[in-house]
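Overview (structure and organization)
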Amino acid sequence: MGVEGGMKCVKYLLFFFNFIFWLCGLALIVLGVLVQVALHNTVVINNISASSAPIVLIVVGVVVFFIAFFGCCGAWKESYCMVTMFSILLGLIIITEIGAAIAGYVFRGNLTVIVHESLNDMVTKYSNSTDKFQKALDNLQIDLKCCGVFNATDWRGNFGSGTNSVPDSCCVNVTTGCGQGAMEDLSKVHQMGCQTVVEELLKMNIMWVIVAALVIAFLQIMGIIFACMLMRGIRSGYEVM
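Identification of the chain as Tetraspanin from Hucho hucho is taken from an unreviewed UniProt entry. Recorded under Sequence similarities (unreviewed entry), the UniProt text for the chain is reproduced unchanged: "Belongs to the tetraspanin (TM4SF) family." The UniProt entry for the chain carries the following comment under Subcellular location (unreviewed entry): "Membrane".

Shown next as structure tokens:
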């Protein structure tokens, strides 16, 4: 005997919520990939905590994607076993998402130190590094319109034979040799350091991760509530048989 009356409504609500979860799983995958790319394309960060939150979101997104399909089948077939398993797995996913949100918040609090150490290391090693390494920092300074860690003077002693030279990527209008002797020339070189810009960019991305994880966790809690109601209805239906 299948569920009837109000439980039918719960069944279709659970089915609808699982469709939403399927979309959320896809959104988590996309968001995790975008944040991971932003973290590594913006600045070379060696701290492992920088990658933990987006990687967890990608993994959780993949799992939610498949669990949602599992839940849809359970709700449609009114399978007590499948709906129960769906609720347990969803509960574990919620705990993981909350953990990812906490990891993102902790990393956000340590961002200043991590970004400073990473940028300072890049500036110090720039002259003796590979072309790929130099291009990464050059692209960063061109895209964000910044120069050095705190300001352009961070390049003093770290670039060229002259004390007042900066990489051409620091220039307002990038041309070959434009940074030679132009460190303190406001009309030629960006004076704002990259640390502030990078911090703001990464904080915005990390906040999106935190918000997405918490919002989806809330929706999943609602899904568990509907699943429990459906399980109760299915069990009652079996008892009448």
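On we go.
1. Considering helix α4 (residues 111–125)
Residues three or four positions apart in an α-helix share a direction because the helix packs 3.6 residues into each turn. Across its 15 residues, α4 extends 21 Å between first and last C-alpha, which sits within 8% of the 21 Å expected from 1.5 Å per residue. Within the sequence span of α4, burial applies to L111, I114, V115, S118, L119, M122 and V123. End-on, the buried residues of α4 take up no more than an arc of 155°, which puts them together on one face. More than 90 degrees from the buried face of α4, the exposed residues found are V113 and E117.

2. Observations regarding the UniProt feature "transmembrane region" (unreviewed entry) in the chain
Mapped onto this structure's residue numbering, the UniProt feature "transmembrane region" (unreviewed entry) falls at residues 12–35, 55–76, 88–107 and 206–231. Here residues 55–76 is 100% helix and 0% strand, with 32 Å between the C-alpha atoms at its ends. Its end C-alpha atoms 29 Å apart, residues 88–107 is made of 100% helix and 0% strand.

3. Examining the state of the cysteines
Under the criterion given, the structure shown has three disulfides. The side chain of C146 participates in a disulfide bridge whose partner is C194; the two sulfur atoms lie 2.0 Å from each other. Judged by the sign of its S-S torsion, about 90°, the cystine formed by C146 and C194 is right-handed. You can see C146 sitting in the loop between α5 (131–144) and α6 (194–240) and its partner C194 sitting in helix α6, a full 48 residues away along the chain. Both residues of the pair, C146 and C194, count as buried.

4. Observations regarding the pattern of salt bridges
Going through the model one piece at a time under the given rule, you end up with three salt bridges. We note a salt bridge from R156 to E184, for which the minimum N-O separation is 3.0 Å. With a gap of 28 residues between them, R156 in the loop between α5 and α6 and E184 in the loop between α5 and α6 connect regions that are remote in the sequence. The exposure class assigned to R156 is partly exposed, which follows from its relative accessible area of 36%. Residue E184 is classed as exposed on the basis of its relative accessible area, which comes to 54%. A salt bridge links E199 to K203, with the shortest nitrogen-to-oxygen separation between them at 4.0 Å. Note that E199 and K203 are positioned in helix α6 at a spacing of four residues, about one turn of the helix. Note on E199: relative accessible area 11%, which makes it buried. Classification of K203 by relative accessible area gives partly exposed; the value is 27%.

5. Notes on the environment of A182
Of note, A182 is situated in the loop between α5 and α6. The buried category is assigned to A182, whose relative accessible area is 2%. With near-sequence residues (within four places) excluded, A182 lies in contact with N164, K188 and V189.

6. Considering the nonpolar core
Counting 58 residues, the largest nonpolar core has L14 and W155 as its most contacted members. For this core, the elements supplying multiple residues, two or more each, are α1 (6–42), α2 (49–77), α3 (80–109), α4, α5 and α6. Residues lining this core come from more than one domain, with at least three contributed by each of domain 1 (6–110 + 225–239) and domain 2 (115–195). In contact with W155, other than residues within four places in its own chain, are V123, Y126, L137, Q141, C147, G148, S165, V166, P167, C170 and M183.

Criteria and cut-off values
- Residues numbered from 1 in each chain as written.
- Predicted model: local features only at pLDDT ≥ 70, side-chain atom pairs only at ≥ 80, totals over all residues.
- Heavy atoms only, no water.
- UniProt positions renumbered as here; feature names shortened; annotations may be inferred.
- Helix = DSSP H or I, 4+ residues; strand = E, 2+ residues; numbered from the N terminus.
- Expected span 1.5 Å × (residues − 1).
- Buried < 20%, exposed > 50% of the residue type's maximum accessible area, 1.4 Å probe, protein only.
- Arc of directions from axis to C-beta.
- Disulfide = S-S within 2.5 Å.
- Salt bridge = Lys/Arg side-chain N within 4 Å of Asp/Glu carboxyl O.
- Contact = heavy atoms within 4.5 Å.
- Core = buried A, V, L, I, M, F, W, Y, C linked by side-chain atoms within 4.5 Å.
- Domains from an automatic or database assignment.

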